[in-house]
Each structure stands twice: as structure tokens, then as C-alpha cells.
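# An overview of the molecular structure
The primary structure of each chain is shown beneath.
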Amino acid sequence: MFDKWLIRGDSLENVERDGTVAGFRFACRIADYRGCILSLHNGYYIEVDGTVYPREVQRFQVNGKPPRSFEEIKTCISEHWDFDDEGIVYVEAPGGLGPGVHRVGFQQSILSSYGYMPTDEEWIRNPPVPGQGAGAGKTEQICYYELELQKETAKL
Amino acid sequence: MMKRGVSLYSYQQEQFFKRMDFRDMVKEVHNLGCDGIEIIDESLIRQYPNPSEEFVSRFKDTLAEFGMRAVTMDVNMDPLLYRDHVMTHKECADRLIQDIKLGARLGFQNLRLCGVPIDAMELALPAAEDYNVRIGKEIHVPFTIRPNPEQADKHSFMPSQPYLCQEVIELAERKSTRHVGVIPDMGIFQHRISGSRFAYLVRHGANPGALRAADRLYARGLRQDALVSALRERGYPEQDAVTSAQATAFRSDVDPRDLLEIVPYILSIHGKFYEMTEIPGAEGQYEELSIDYDAPFYYLHKGGYEGYINSEYEGQRDAQDRDLEHLADEVEQVRWHHEMVGRLINTYWHA
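Per-chain numbering applies: the sequence of each chain, read as written, is numbered from 1 onward. Starting at A for chains and at 1 for ligands, labels are handed out in the order in which the entities are written. Confidence filtering applies because this is a predicted model: local features only for residues at pLDDT of at least 70, side-chain atom pairs given and counted only at 80 or more, and all residues used for totals across whole chains, interfaces and linings. Only hydrogens and water are set aside when side-chain values are computed; all heavy atoms of the structure are taken into account.

### Side note on the pattern of salt bridges
- By convention in these notes, a salt bridge is any Lys or Arg side-chain nitrogen within 4 Å of a carboxyl oxygen on Asp or Glu. In total, this model carries 40 salt bridges over all chains according to the counting rule given.
- Among the salt bridges present, the one from A:Glu92 reaches A:Arg17, with a minimum N-O distance of 2.7 Å. Placement of the pair is A:Glu92 in strand S9 (residues 87-92) and A:Arg17 in strand S1 (residues 13-17), with a sequence separation of 75 residues.
- Judged by relative accessible area, A:Arg17 falls into the partly exposed class, the value being 28%.
- One salt-bridge network, held together by shared partners, links B:Asp185, B:Lys272, B:Glu312, B:Glu314 and B:Arg317. The helix count covers DSSP runs of H or I at least four residues long, the strand count covers runs of E at least two residues long, and both are numbered beginning at the N terminus. Only protein chains enter the accessibility calculation, which uses a 1.4 Å probe; a residue is then buried when its area is under 20% of its type maximum, exposed when over 50%, and partly exposed in between.

### Considerations on the sheet that holds S9(A)
- A pair of strands counts as paired when DSSP detects no fewer than two bridges linking them. Pairing within the open sheet is mixed, and its six strands lie in the order S7-S6-S9-S2-S1-S12 (chain A). Strand pairing shows two members of the sheet lacking a second neighbour, strand S7 (68-69) and strand S12 (154-155) of chain A, which therefore form its edges.

### Structural notes on helix H8 (residues 164-174) of chain B
All names here are of chain B.
- Along H8, the residues classified as buried are Leu164, Cys165, Val168, Leu171 and Ala172. Down the axis of H8, the sector holding all buried residues measures 135 degrees, keeping them to one side.
- Those residues of H8 hidden inside the fold are in contact with helix H6 (118-131), strand S5 (134-139), strand S6 (180-184) and helix H13 (259-262).
- In the stretch just after H8, Ser176 is the one whose phi turns positive, near 45 degrees. Note that the arc is defined by the directions from the helix axis to the C-beta atoms. Contacts between residues were defined by any pair of non-hydrogen atoms, one from each residue, lying within 4.5 Å.

### Section: the environment of B:Arg174
- Topologically, B:Arg174 is positioned in helix H8.
- In this structure the side chain of B:Arg174 is engaged in a polar contact, spanning 2.9 Å, whose partner is the side chain of B:Glu122. Identification of polar contacts relies on pairs of N or O atoms within 3.5 Å, with a donor-acceptor requirement for protein atoms, meaning one able to donate a hydrogen and the other able to accept it, and with residues adjacent in sequence counted only if both atoms are side-chain atoms.

### Observations regarding the layout of surface pockets
Residues and elements named next belong to chain B.
- The definitions used throughout rest on a 1 Å grid laid over the protein atoms alone, on which a cavity is an enclosed set of points accommodating a 1.4 Å probe that cannot get out and a pocket is an open set flanked by protein within 12 Å on both sides along at least five of seven lines; lining residues are those having an atom within 4 Å of a point. Grid points are joined across faces, edges and corners, and a volume is the space filled by probe spheres set on the points. Put simply, the second largest pocket is a space of about 370 Å³.
- Those elements that provide at least two residues to the lining of the second largest pocket are helix H2 (22-30) and helix H4 (53-65).
- Put simply, Ala, Val, Leu, Ile, Met, Phe, Trp, Tyr, Cys and Pro go in the nonpolar bin, Asp, Glu, Lys and Arg in the charged bin, and everything else, Gly too, in the polar bin. Here the residues of the lining of the second largest pocket are counted per class, giving six nonpolar, two polar and eight charged.

### Topic: the interface of chain B and chain A
- At the interface, 45 residues of chain B touch 36 residues of chain A.
- Buried area: the sum, over both parts, of the accessible surface (1.4 Å probe) that disappears when the two are put together. Its largest share of buried area at the contact with chain A, chain B owes to B:Phe16, B:Leu80 and B:Arg83, together 24% of the area lost on that side.
- Applying the counting rule to chain B against chain A returns five salt bridges.
- Here B:Asp323 and A:Lys4 are joined by a salt bridge, their closest N and O atoms 3.5 Å apart.
- Joining chain B to chain A, the criterion identifies 22 residue pairs in polar contact (both at pLDDT 80 or more).
- Secondary-structure elements contributing two or more residues to the side of chain B that touches chain A are helix H1 (12-16), helix H3 (41-44) and helix H5 (89-106) of chain B.

### Comments concerning the sheet that holds strand S7 (residues 269-273) of chain B
Residues and elements named next belong to chain B.
- Read from one edge of the open sheet, eight strands run S6-S5-S4-S3-S2-S1-S10-S7, paired in parallel fashion. One side of each edge strand has no neighbouring strand; the edge strands of this open sheet are S6 and S7. In this sheet, adjacent strand axes meet at a mean angle of 30 degrees when their direction is disregarded.
- Looking at chain direction, S5 and S6 are connected through five bridges and run parallel. Residue pairing in the sheet places Ile135 in a bridge with Val180 of S6. The convention used is that axes are lines fitted to C-alpha atoms, helices contributing only their stretch in contact, and that angles between N-to-C directions extend from 0 to 180 degrees.

### Quick notes on unusual backbone geometry
- In this chain, B:Tyr48 is followed by B:Pro49 through a cis amide linkage whose omega measures 0 degrees.
- Relative to the assigned elements, B:Pro49 resides in the loop between H3 and H4.
- Residues other than glycine seldom take positive phi values, yet A:Asp49 does so here, at roughly 50 degrees.
- Mapped onto the elements of the fold, A:Asp49 is located in the loop between strand S4 (41-48) and strand S5 (51-52).
- The phi dihedral of B:Ser176 falls on the positive side, at around 45 degrees, and the residue is not glycine.
- Following the sequence through the fold, B:Ser176 ends up in the loop between H8 and S6.

### With respect to the pairing of strand S2 (residues 36-40) of chain B
Residues and elements named next belong to chain B.
- Where burial is concerned, most of S2 is hidden: five out of the five residues are buried.
- Where burial is concerned, the two faces of S2 agree: the one with Gly36, Glu38 and Ile40 and the one with Ile37 and Ile39 are both buried.
- Relative to S2, strand S1 (residues 3-7) runs parallel, the two sharing three bridges. Within S2, the position partnered with Ser7 by the bridge is Glu38.
- Pairing of S2 with strand S3 (residues 69-74) involves five bridges; the strand directions are parallel. Within S3, the residue paired with Gly36 across the bridge is Arg69.

Read these as spatial facts, not as claims about activity.
Next comes the structure, spelled out in C-alpha cells:
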């Protein structure tokens, strides 16, 4: 659900750290009708112009705190990502993205559910890799966006 | 008399696009001439499960401003929350107790639970009684009122709970409590492909004739493989046969008469609907062609039901493949639903 609007159209920008472009970021919403306890948030399938950026190079910013890795997010059992709020996804990619329009593939993974499921033990041991539909809530397919890189570079 | 309300879930798209805030929604429901409010806790409560005092005051003040009642709060249970182990049933009960306290803080009468195991419900029951918040399990597709294990196991996104109703009633009786019950979702009375889903499928290449044929064959009792075969025999291409049969799969097939057995345990009802359309020849009157409301209302009245039915609009999702200007109008759809629900209440409760 909300497939076309999960990434804010004018939010893709490069990120600069210590004077060099270290990657890019964009703003997104929850692909469901409810928020989630942050620990359940399991990362993203992110593909830009055919290159896939795995969970290990992603960080997530919400609730006015600095960007955190998904290993750290996993421990946030008493923090909530509210439905109304945007989160910012940071991707480590030295040099960042080139100017112009990029084709971005996106799928969120949040391990919320309607109750105990047969996959529970397996997902504790091996959290699903985002992009296979696991934890994708009401958006089972990968959504594609044509996003223009903003001229401003964010400073971290 | 059965009372009307709205689950603010119905306005999820308006909320997503920030076109309606909580107060706008409550005001709209008030203008429907009813006083019932239902919410999804994690959709509306900022920093769930520990909202600020300021949030709680504003929430209660807004309801008071429009003379509304906090009927049911829908809560969830995420077994993977701790990420280093699957939540135990004791931890599940603790989360439910936390939700009960939160529900009480906000003034709710009932909590709607999904996959909370019955033993966790029992552990939380003393808190439900202490805080005077009733806890009810939702009877949602694919579940049924009478046990139906085959049906309950057909869908992969819900935990299997074939004996849901029996377990709840047994617990209520054993504990002699009025604080546990069930919350039926009207979706269990769906009998054909919804208008919104039909339109979505056709936009994505489905064959309208095959979809209509699937509905007719379903009504004659054909299911799954037998339904696909029957469509093939009628000359529909393989893809059309499979797609159309799949479109009929998400059903409970509950007999409305079954409601009579559970009326005393019903805490509130989800008035699920997908698409309201004007009744041909009856200007200003609307119907939900895919879900039977008439017979269930008859049996709810016969059983003496006096609680709330809260509209739960879900058809907006089916139009979200379209552009912004072609999205469904949630406000209008809920208004039309209330026309139908109000009319049926008048038919049975005032007859």
C-alpha cells in the first residue's frame, strides 16, 4: 500500500562527511497502516540504477536521533516509529550518486505480524534479507521510483 | 439498539497524506450522527506505548469536544519484538497488560486483539477486570465462528486459530467474566469479489468475464482447484482461470445464523467494507455488494446485540495503483456506509 508515495520525491540527496561525499540518503514512510516498535525494523532492499546496497551499508534516522545501523536498531525495543513520521535512510556509497534522475528500487522490511507465525524462530536466527517480501507488510513487490538527485548535499 | 461508530483506520489514506488529523476525523465521525470511535493504537498514538500526558489530555479533550466515546482500541502483538528470542506467552501477556493500562488511560471500553494466545489472554484478565477494559479477539477472515481447521490454515499471513471462538467462550465461562469476548469483522460474510478489488484486477489485466464466472461458481460451492478446473472447462485461458479463482480465496464463508450463538460475547463489531455503491433506483441509498450485511443484522438483532458496529473501510488500498486524483474518497465511502448501516439498524431494531 502507498506504493508510489513511500519515498518522498524530492528527498534524494548526497551526504557529505568530513569534506567528502560518503553516500546518499532519502526520506521514506511506513509501508503499512500502523507504526512499529523500532526493533522490528529490519532494513531495506535498495537498488539504484541496477546497483544493490545491502542492509550492512544502510543506516536509519528517526525520532531526532543520529543515523543508526540496523544492528543497533534491533535493540531499540522501547522506541516507536510513529506512522505519521518520515524516517531517513542513509546509504554508504563513497562518491555518492551522480547528478540527474536515478531509478530507485525500494522495499521495506518490518518484522511486525498478526501473531505467532511458523517463521518466527528462523527469523530470530536469520533475519530475512530485505527484498524477498518478508516483512514487507502490505507492499509485497519492490517499488520503483524515478528520483532526481537534489542539488544540495547534506552534511553529516 | 445497535450503535454506530467508525474505526479511524477508515481514514488511513487521509492520515498518510496529512489531509486529516485526529480532530478532523473525530469531527467527521460526529457529523455522521454517531458517537463511536475506534482506533489502531500504533497508527494514532504518538510514541506508543508511552504517550505524553499532553497527548492523552488532547486525545480525551477532542473526544469530549464532540461528545464521542472511545469504544475500541485495536492492539497488536509482535512476537519478534525482542529480536533475540521469540516473545514468550508471559511476555505477550505483559504487553497486553501494558495495552490495557494504555486503553484505560485513553478511556477505551474494549481492546481488539489479533493473535494473542488464549493463555496470555487469561494471564492478562485480572488487569482487564481491574482497569475495566474488556479484551476481545477479532474474528477476521479466514477465521470462523464454528471451528473450521481447514479454513483457518488456508492463509499464510495469519496465525492458525481454528478454535478461536470456542477458546474465548470457554475462558469467559470458566472465569465467569464479562471482560473477555470476541470482535467479529463483517468481512467473514463476504461472498463475492469486492468492487474495489474487481476494478484493480481488471486494470491489471484480469478478464472481467472470468471474474464474474468465478463468483457464480463460488456461489455454487466450488473452491480452489475445482474452481480453476470449472473455469478452464468454460474456455477461460489458464491465467484468467487461476487469477479469478485466487480472487475468491480470501473468505470465511460464515453462516450469519452462527452469530446467534456468540452475541453475548461480542464486545464490538468491525463494519468492514470495500466499496459502497448507490442502489440502482434508490437515490441516496447505498450497498456493499460483496459483503452480506442484511442477514447478519437480522441475527444480531434477534440475539439482542446492543453494542457498536464501527465502520472499517479497506477498499482505498485497491486504488493506490492509480494517480493521486483517482484515489478513493474515504470520507464519502464512510458516509455512504453509515447510510446503509443506519438504514439496516432502523429496519431491524425499530421494527
